[in-house]
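# Fold and geometry: a report
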Amino acid sequence: MCGIVGYNGYKPAVSILTEGLSHLEYRGYDSAGVALIHEGKLAVHKAAGKLSALEAKLDTALHLQTGTTGIGHTRWATHGLPEERNAHPHLSQDGKIAIVHNGIIENFQELKTELLAKGHHFISDTDTEVLAHLIEEEISSSSSICDGFAKALRRAHGAYAVVMLTSDRPDVLYAGRMSAPLLLGIGQNENFVASDVPAFLAHTRDVIFLEDYEIACIEKDAWKIFSLDGLSPLEKKVHHITWDMQSASKDGFPHFMIKEILEQPRVIKDCLAGRIIATPDRRQVTLNELNRLAFPSRLRIVGCGTSYHAGLWGQHLIEKLSGIPTAVEIASEFRYRDPLLCPDELVLAVSQSGETADTLAALRLAKTKGCQVIGLCNVVGSSIAREADIVLYTQAGPEISVASTKAMCSQMTLLSLLALFLGQEKNPSVYDDPFLEALIALPDQLSAALPEMQEYSARLAKRYSAAHNFYYLGRGQCYPLALEGALKLKEISYIHAEGYPAGEMKHGPIALIDHNFPTFALAMNDILFPKVESNIQEVLARQGQVIALVQNNNSMRPDLPVDDLWVLPSCHPVVSSFFALTAMQLFSYHVADYLGKDIDQPRNLAKSVTVE
Ligand code: AGP
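Now for a look at the structure at hand.

## Looking at the environment of His 240
Topologically, His 240 is positioned in strand E14 (residues 239-240). For His 240 and Asp 206, which are 34 residues apart along the polypeptide, the C-alpha to C-alpha distance reads 4.7 Å. Excluding residues within four positions of it along the chain, His 240 makes contact with Arg 205 and Asp 206.

Below, the structure is given as structure tokens:
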């Protein structure tokens, strides 16, 4: 969470920084700020709220245009309210050092006590300001700025990325990374540093990924990277980014979220591309990345939020097709409960961003226990992708909307391929079922269904947007989808929603049902359909309103008086999940749109959760 950017070059820094921050706002938007060198001194400007509030302020401060070195920040509040005084950059006591920071300094209270005793005063409630003062202290007793910067970072515990600008060396940016993403963009007579590639992609495609315990000194025409511990110089590889800004722009859509939902047929196609081969008898899955994988005795899937839901969805399929016992865990729970893991257990870390702190920690824990780890990621070169033994990329392209949509679709596609791949090792009949063929046909089928689904969901959304609560019910593979449907609705419309296994309703939750408490029931055409149908009856018997998501080849009894029967195309039972997922995403989108919510940047959230 929080986006940081730094520029050192020959162009006016302020516009480059604000442009960079606009591409990082998905990481947080509680406040924004920049610091530049102006007439040899630091000039800091900040504003509470979104970047637009800062931009409005900067419009009146045109003198800032002269500075060609600067740092910027967009905040997701951790310590301290989202107010201007807590906005970054934060200054040292003498005002000569400004820092921007992403992450949490866990021992900040202890450091603050020490610094208060030395006469430091603090303006904000943040851990970041403490770090700025600590850096000042350490530099004052060090042989060089770089040395002092490193000493201070060594004393800061936690997960963070930090960039510093000091008026004592206005020609250098100092950056350090500890478990939060930070990359350098290498240009011609200008260099960048940021939390993510889109911040500088308009200027350069050449990128260096900083690793943990590394610091960088960035000049406009040179950069050096050192180990944090011994300050020994390090050789780093420069990576070339191949995707472009087009895929990170709205392309005429009102919101990234709707653009990304409608991209899903293409996303599925891209995820399948190159991963299916034709043999003389049939088509089958090939995952070259897994060629050297030893067949695991068990599989553990870890992830957070939507990625966790995708993992739960994949569990059903992997167990069924491969016979490998599979458990799915929320990464933040897994990492702290000393889980029992056998060394031949395979761990699959699912993460769109590849930077989620809890998932990264779960991956590291699994590695310490000797397990092989596969990262199932979207962001190329992300921390999870780099630290996993093997990485499977989902190929969804940049997902900008905070509410994840196409990422889950791509994760489900890749988990389907993984289930088939693991299945074909042991079970020759895995292809007797036409699942793979159905998956190949899915992009076109989904694409053809989307216009009608859009229209229906918009109508439905209008009707239900006044609700204060919602249940989402599903069974089997539809249960994780119900969890995801509820998450989507609550995160962007702020309507309270819960996903439940439909069979659990009668054990308590049904007590809440009345005519004001609607239920979204996933009644796909699978073997559990009759059971879900009974659960729907139970809700109706309590005067609950029901939207039933069904398929046109199933036998929902015509006398079932549901309020809305949303009929999706008939297809393979597993593939129907992709239709159900899309339907719920569209419904949430249209409810939030109808209610006028800030769809791409919902309150209190951030795209990439790099803190615990
Ligand atoms: C869902 O809409 C959210 N964006 C969130 O739950 C997200 O899936 C979670 O934070 C995990 O992110 P990751 O996939 O990048 O690890």
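## Some words on the nonpolar core
Phe 470, Tyr 472, Leu 481, Phe 520, Trp 566 and Phe 587 are the most contacted members of the largest nonpolar core, which totals 89 residues. With 13 residues, helix H13 (residues 435-464) is the single largest residue contributor to this core. Not counting chain neighbours up to four residues away, the residues in contact with Phe 470 comprise Tyr 464, Leu 489, Ile 495, His 496, Ala 497, Glu 498, Phe 517, Pro 518, Phe 520, Ile 547 and Phe 587. In this structure, Ala 132, Ile 135, Phe 149 and Tyr 160 belong to the second largest nonpolar core, which totals 30 residues.

## A few points about the packing of aromatic side chains
Tallied over the entire structure, the rule returns 13 aromatic pairs. With 5.8 Å between their ring centres and 40° between their planes, Phe 192 and Phe 200 make a pair best called tilted. Judged by relative accessible area, which is 1%, Phe 192 ranks as buried. In this structure Phe 200 comes out as buried when scored by relative accessible area, which is 1%. Between Tyr 456 and Trp 566 the ring centres are 5.0 Å apart and the planes differ by 35°, which places this aromatic pair in the tilted class. Pair noted here: Tyr 456 is in helix H13 and Trp 566 is in strand E26 (residues 564-568), with a separation of 110 residues, a long-range link. A relative accessible area of 19% means that Tyr 456 is categorised as buried. Under the relative-accessibility criterion, Trp 566 is labelled buried at 2%. Sitting over the ring of Tyr 29, Lys 50 keeps its end group 5.4 Å from the ring centre.

The rules behind these values
Residues numbered from 1 in each chain as written. Predicted model: local features only at pLDDT ≥ 70, side-chain atom pairs only at ≥ 80, totals over all residues. Heavy atoms only, no water. Helix = DSSP H or I, 4+ residues; strand = E, 2+ residues; numbered from the N terminus. Contact = heavy atoms within 4.5 Å. Core = buried A, V, L, I, M, F, W, Y, C linked by side-chain atoms within 4.5 Å. Buried < 20%, exposed > 50% of the residue type's maximum accessible area, 1.4 Å probe, protein only. Phe/Tyr/Trp six-rings, centres within 6.5 Å; stacked < 30°, edge-to-face > 60°. Lys NZ or Arg CZ within 6 Å of the ring centre and 35° of its normal.

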